[in-house]
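Residues per chain, in single letters:
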Amino acid sequence: MDRRTVFNGRLLPVVLLLPQLLLTLFFFYWPAGEAVWSSLTTQDAFGQGWVFVGLDNFQDLFSDPLYLDSIVRTVFFCLTVSVVAISLALALAVFADRQIAGRGVYRTLLIWPYAIAPAMSAVLFLFVLNPRVGLLGRWLNRHGVAWDYTLNGSQAMLMVVSASAWKQVSYDFIFFLAGLQSIPRAVIEAARMDGAKGWRRFRTITFPLLSPTTFFLLVVNVVYAAFDTFGTIYALTQGGPGKDTETLVIKVFRDGVINQDIGSSSAQSVVLMLGVILITAVQFRFMGRRTLS
Amino acid sequence: MRRSFNRPDYIAHTILVLGVLLFAFPVWLVFAGSTQDSDAIMRGDLSLMPHLANLSVYPRVLLHGTMGTEPVWHMLLTSFGMAVAIATGKIFISVLSAYAVVFFRFPFRQTAFWLIFVTLMLPVEVRIIPTYAVMAGFGLINTFTGLWVPLIASATATLLFRQVFTAIPDELVEAARIDGAGPLRFLRDIVLPVSGANIAALFVILFVYGWNQYLWPLLVSTDPALDTIVIGIVKMIGQETQTDWSAVMATAVLALLPPVAVVVLMQRWFVAGLTEGEK
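Scoring rules and cut-offs
Residues numbered from 1 in each chain as written. Chains lettered and ligands numbered in written order. Predicted model: local features only at pLDDT ≥ 70, side-chain atom pairs only at ≥ 80, totals over all residues. Heavy atoms only, no water. Salt bridge = Lys/Arg side-chain N within 4 Å of Asp/Glu carboxyl O. Helix = DSSP H or I, 4+ residues; strand = E, 2+ residues; numbered from the N terminus. Contact = heavy atoms within 4.5 Å. Buried area = accessible area lost by both parts, 1.4 Å probe. Polar contact = N/O pair within 3.5 Å; in protein donor to acceptor, adjacent residues only side chain to side chain. Nonpolar A, V, L, I, M, F, W, Y, C, P; charged D, E, K, R; others polar. Phe/Tyr/Trp six-rings, centres within 6.5 Å; stacked < 30°, edge-to-face > 60°. Lys NZ or Arg CZ within 6 Å of the ring centre and 35° of its normal.

1. Quick look at the pattern of salt bridges
Residues and elements named next belong to chain A.
Right, so step 1: In total, this model carries 10 salt bridges over all chains according to the counting rule given.
Right, so step 2: Between R132 and D148 there is a salt bridge, with its nearest N and O atoms 3.5 Å apart. Linking R132 in the loop between α5 (118-129) and α6 (135-142) with D148 in the loop between α6 and α7 (153-181), this pair joins segments that are 16 residues apart in sequence.
Right, so step 3: Salt bridges sharing partners connect three or more residues here, namely K243, E246 and R254.

2. Quick look at the interface of chain A and chain B
Right, so step 1: Taken together, the 97 residues of chain A in the interface contact 116 residues of chain B.
Right, so step 2: Across the chain A to chain B interface the summed buried area is about 10,100 Å²; carbon plus sulfur atoms make up 75%.
Right, so step 3: The interface formed by chain A and chain B holds 1 salt bridge in total.
Right, so step 4: In this structure, D9(B) engages R98(A) in a salt bridge whose closest nitrogen and oxygen atoms are separated by 2.7 Å.
Right, so step 5: At the boundary of chain A with chain B, the tally comes to 9 residue pairs in polar contact (both at pLDDT 80 or more).
Right, so step 6: Ranked by residue count, the leading element in the side of chain A that touches chain B is helix α1 (residues 11-39) of chain A, at 18 residues.
Right, so step 7: Residues that form the side of chain A that touches chain B fall into these classes: 67 nonpolar, 16 polar and 14 charged.

3. A word on the packing of aromatic side chains
What describes a pair of aromatic rings is the distance from one ring centre to the other and the angle between the planes of the rings.
Right, so step 1: Following the criterion strictly, the structure yields 35 aromatic pairs over all chains and no others.
Right, so step 2: Ring geometry for W30(A) and F138(B): centres 6.1 Å apart, planes at 75°, overall edge-to-face. In this pair, W30(A) is assigned in helix α1 and F138(B) in the loop between α7 (128-137) and α8 (144-148), connecting two distinct chains.
Right, so step 3: These aromatic residues form a ring-pair network of at least three members: F7(A), Y99(B), F103(B), F104(B), F161(B), F165(B) and F186(B).
Right, so step 4: The aromatic ring of F113(B) is capped on one face by R162(B), whose charged end is 4.3 Å from the ring centroid.

Okay, here's the thing in structure tokens:
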């Protein structure tokens, strides 16, 4: 994909690239390098210097049952959030794609939540479901349901999953709608003439044709749930009660920023980086190289 | 299709209305609550009908904040400044770097591109601790610069502009060269205007991204004078006892308005930009 015609000059392109490259160097490569370095060292007994310890920090990490719990919890959290958000979005998109009155209004009213910050979705959910202040939360307790996500771990998980999925639906909706609109009308018409109706047409024609979009969204949603939901979880539960909603990113923050355990949190950062690299590799492997073309 | 014009598609309307309500309900609840008495909210007497006579809570939180926070106008201004700076900064440096990669041939061109591209894989969340150390080294902790500069390096925006620029026909470049236009004039007079729609779309996406930041400001600033509105509102809900709930709810409404307005007003560009760009 190279151009035939280009401008001459050696200095100008370097000057144009410099701001981006410098920022990338200072705020991506340097911290990443630092994380790798600190993950391989530990502070000596007197707090004076650093001792190289090889993979000890990683060994400690993976023999720590709390860390393994956090991995399992994060995987569960990511998959649940993604499946809930994607299913809801797909259902809404299928109906919003029909030729009905007011479809433009419906679309706007389903797209605006894209603008909601992850931390703001936590605030909104608090006002609905908090056992003391929330409208529904109080209602549940008045009607004999012992609802308190600040004390009950499963309820806390339900709460952070719902708030995180809720915020992501509109993003997925936008992509499914675009995907549906790019399906040729002729294909749908042909299926209609063959007598394929409603659910069967969706299952055998529409859904398979949407599978590239669905796969793309699955990757994006998993990354969103793993990283961007920090604000949602931290504002709602801080990872609690206990560690019941402590995902990997919350744990890095708690261990590194609050408990100042640099060695362990750096090792955790490195594990997360490897995780992101893996996800990105999978995405490019299966999505083709569209972004690169 | 013919059938659906003959009689309303009740199933579709029902599902879509339910979907719309699922998103509108919490916001309506918070708006209604903001106009009611805080003690009533604490007692659980929250009504879904707003008391429109009590809108005075809005000027109150805007000018004075609540429970010792910064005034809300100040937090909104900080968020606005941060969002605009991130959006503009990212677009600016990404246009320049993409332009260099697409329209010039120079040593290490591919290397430079890959150096930028690889950072696609490193969100802030995975490098919390080391980034803090680097920020401290630059003296950027508790500064406004620290809130936005580190967030403007972007692989996604560079990739997007690279795609857009590659699609510009060679004939345009030839014509410009015959007319004696240099690379900077070509950028200003041809490349930027033809990329206008992409820039507008990206601005919306990045404005929302900037406005919604939470972890980053939490990390680099402990100074209440630098609190963004998102940081401010989470601080407010953190003090669960003796909270001035109607003021908190009013703040929540004010925090939602600007990014929602931007998305709704620029919906067309933004949707096209999102689905074409990020895929």
